[in-house]
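Take a look at the letters that make up each chain.
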Amino acid sequence: MSVALVISLSSVAQTKSVKKTTTTAAKTTTGYSIPVTLTPLKNTWVYLGCYFGKYKNLADSAWLNEKSEGVFKGKEKLPQGIYFAVSPEKFLMFEFLIDKDQHFSIKADTTDLANFTITNSPENQLFQQYSKFLAQKAPGLTSLQKQLAAAKTETDSAALRIDIVKANKELQDYREDIMQTKPESMLAKFFFAMKRPEIPPIPAGATKADSAYPYRFVKDNWWNGVSFDDESLVRTPFFEPKLEEYYKYYVAPDSDSVISEVNYMLLVARESREMFKYLLGKFTDKYINPEYMGQEKVFLFLFDKYYSKGDTAWLNEKQRKFIFDRAYSLMANQLGEPAAEMKMLDTSGKAASLYAIKVPYTFLIFWDPNCGHCKETVPRVDSIYRATWKALGVKIVGVNVDDAANDAWKKFITEHKLTDWVHIYQPKKFKDEEAKNGVANFRQLYDIYKTPTLYLLDDQKRIIGKMLTIEQFNDVLQAKIKSPPTAK
């Protein structure tokens, strides 16, 4: 049964211009030529799609004539991977493989897509055999899983679990046979990429250190049989989930551990331009705005090792500017580094200096008086400040990021009685002066691309917290207070 899908026209895909083709091209050794017959469709467009990580992209189109015949063809070979035929209504009809031999034909009745045929492609014959086996076994497995979900007794559940394990083993045995008997086939390589290591038991009499053995075993064997210079993995629906699962569960979240992993993968992938592009893009997207505090160092590592050295010629000017601007912003506000001084005025118009505030801890909040989220966050910060932080030696410095809203800013301060804060802003003439002199402004220095943006500084104005919730900032503060002071 076909399922509806949204077709992405992402620039990453090898997208071709639309063309009407109703005749079958002669087989050549270059490019690709895939004649298709899709009854009963006539006088309509059909499409060739492919996976790219979690996306589905269009790669080509063909016009079906009165005989339901058309051809996908091009002068350059398609990147290898799992592709699919797409109906005029943008439904995925069936999948097939594109390997190095890209001259084969497809025939299908769109009213009975389970029985389409592909000729002159040994890889696809193997893939179709597996697809038919899966079509026979999948309904039974699905039924067992539904029965398990509805089971009312533990006895029924136990029996169903045994049946599910047995059914899954049949599927895995089929895959294992392909991997053993046809290890060089594209299907075997995909099965290796899909496979997860089985978690071994903790050894009998294990010490506390040995109890981590199952974790280490899975991590060490996660990528068995997977080659990071195999570009065909990029165009599958299962490689990206496996990659994300690995980084979520088997790579420690500290930046040094992540950098070690991404660097290894990128070095191995350098032989495959498509895989290298995919991995570098994936890691950049993940760590340019990371999930955990401090992981932006991973992005800065990628920038220093690859982007700044010109290893990304495929980027357009807009993409390049965004990445370079983001890197320069993040460089100025790393954990453990001194916070940048800012040329500011206070509410009375007097010059204000961040470093003139001599307190054990400084909490910086960059906010906009017209920002809805800021209007919720600022009173919450003041509440925890009055209840806890003030007694711990914290001083709050509120920075108005929009000097055009000064009246609203001062009104909010008065209405919410934020009298114990230091309030500062930068007038337009200071901004213009910095721009004229080529000096980085406070938005760049503190990576202010959204509001509110929060920082926690120590007594030396070093950054000790960023990209956290208010509760997480409080945890950092409490941990710092409890830990012994370090030598200065």
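All figures in this text were calculated on a predicted structure; none of them were measured in a lab. (Residues numbered from 1 in each chain as written. Predicted model: local features only at pLDDT ≥ 70, side-chain atom pairs only at ≥ 80, totals over all residues. Heavy atoms only, no water.)

Q: Go over the overall build of the chain, please, and point to the residues and values.
A: When its secondary structure is counted, the chain shows 14 helices and 16 strands. In summary, the chain has a C-alpha radius of gyration of 29 Å against a globular reference of 23 Å for 488 residues, an excess of more than 25%. Projected onto its principal axes, the C-alpha coordinates of the chain cover approximately 80 × 65 × 45 Å. Buried positions account for 45% of the 488 residues belonging to the chain. By sequence separation, contacts in the chain at least 24 residues apart represent 67% of the contacts at least 6 residues apart. A total accessible area of about 25600 Å² is found for the chain, and carbon and sulfur atoms account for 54% of it. (Helix = DSSP H or I, 4+ residues; strand = E, 2+ residues; numbered from the N terminus. Rg over C-alpha atoms; globule rule 2.2 N^0.38 Å. Buried < 20%, exposed > 50% of the residue type's maximum accessible area, 1.4 Å probe, protein only. Contact = heavy atoms within 4.5 Å. Areas by Shrake-Rupley, 256 points an atom, 1.4 Å probe, with all protein chains shown as cover.)

Q: So what's going on with the confidence of the model for the chain? Which residues, and what values?
A: Chain-level pLDDT for the chain is 89 on average; 92% of the residues reach the 70-or-more range. Within the model, pLDDT remains below 50 along residues 1-28, and this stretch shows 62 contacts once partners closer than five positions in the same chain are excluded. (pLDDT = per-residue confidence, 0-100.)

Q: So what's going on with the packing of helix α5 (residues 239-249) against helix α6 (residues 255-269)? Which residues, and what values?
A: As a packed pair, α5 and α6 sit with axes 11 Å apart at the nearest point and diverge in direction by 150°. On the basis of their axis angle, the class for α5 and α6 is roughly antiparallel. In this structure, the crossing between α5 and α6 has a hand that is right-handed. In this structure, α5 uses Leu243, Tyr246 and Tyr247 to contact α6, whose residues at the interface are Val258, Glu261, Val262 and Met265. Residues that form the contact of α5 with α6 fall into these classes: six nonpolar, no polar and one charged. (Axes fitted to C-alpha atoms, helices over the stretch in contact; angles between N-to-C directions. Parallel < 35°, antiparallel > 145°, perpendicular 65-115°, else oblique. Left-handed = near helix turned anticlockwise from the far one by under 90°. Nonpolar A, V, L, I, M, F, W, Y, C, P; charged D, E, K, R; others polar.)

Q: Give me the nonpolar core: which residues, what numbers.
A: Counting 59 residues, the largest nonpolar core has Trp223, Phe239, Tyr247, Met265, Leu279 and Phe283 as its most contacted members. Examining the composition of this core, we find that eight residues originate from one element, helix α7 (residues 273-288), more than from any other. Counting 29 residues, the second-largest nonpolar core is a separate cluster that includes Tyr361, Ile396, Leu418 and Leu456. (Core = buried A, V, L, I, M, F, W, Y, C linked by side-chain atoms within 4.5 Å.)

Q: Mind laying out the pattern of salt bridges, listing which residues take part and the relevant values?
A: For the structure shown, the criterion picks out 22 salt bridges. Taking the shortest distance from any N to any O, the salt bridge between arginine 270 and aspartate 311 comes out at 3.5 Å. With a gap of 41 residues between them, arginine 270 in the loop between α6 and α7 and aspartate 311 in the loop between α8 (296-307) and α9 (317-331) connect regions that are remote in the sequence. Judged by relative accessible area, arginine 270 falls into the partly exposed class, the value being 37%. Judged by relative accessible area, which is 24%, aspartate 311 ranks as partly exposed. Here glutamate 415 makes a salt bridge to lysine 411, at a shortest N to O gap of 4.0 Å. Taken together, the positions of glutamate 415 and lysine 411, both in helix α11 (residues 406-415) and four residues apart, correspond to about one turn of that helix. Three or more residues are tied together by salt bridges with common partners; here these are Glu240, Glu244 and Lys282. (Salt bridge = Lys/Arg side-chain N within 4 Å of Asp/Glu carboxyl O.)

Q: Help me get a handle on the side chain of lysine 242, residues and values and all.
A: You can see lysine 242 is positioned in helix α5. Within the buried set, lysine 242 has no salt-bridge partner at all; the shortest N-O distance to an opposite charge, 8.3 Å, is to glutamate 245. Of note is the side chain of lysine 242, whose polar atom sits 3.0 Å from the backbone oxygen of tryptophan 222. Residue contacts for lysine 242: discarding those within four places in its chain leaves Phe192, Ala193, Met194, Lys195, Arg196, Trp222, Trp223 and Val226. (Lys, Arg positive; Asp, Glu negative; His and termini not counted. Polar contact = N/O pair within 3.5 Å; in protein donor to acceptor, adjacent residues only side chain to side chain.)

Q: Tell me about the environment of histidine 373, and please be specific about residues and values.
A: Turning to its location among the elements, histidine 373 is positioned in helix α10 (residues 372-389). Spatially, the C-alpha atom of histidine 373 lies 30 Å from that of glutamate 433, the residues being 60 residues apart in sequence. With sequence-adjacent residues up to four places away left out, histidine 373 is seen in contact with Thr451 and Pro452.

Q: Mind laying out unusual backbone geometry, listing which residues take part and the relevant values?
A: Threonine 39 connects to proline 40 through a cis peptide bond whose omega is -5°. By secondary structure assignment, the location of proline 40 is in the loop between β2 (32-39) and β3 (44-52). A cis amide bond links threonine 451 to the next residue, proline 452, at an omega of -5°. Along the chain, proline 452 falls in the loop between α13 (442-445) and β15 (453-457). Of note, lysine 90 is a non-glycine position whose phi angle comes to about 65°, a positive value. If you trace the backbone, lysine 90 turns up in the loop between β6 (81-86) and β7 (91-98). Of note in the backbone geometry, methionine 467 takes a positive phi value of approximately 55° without being a glycine.

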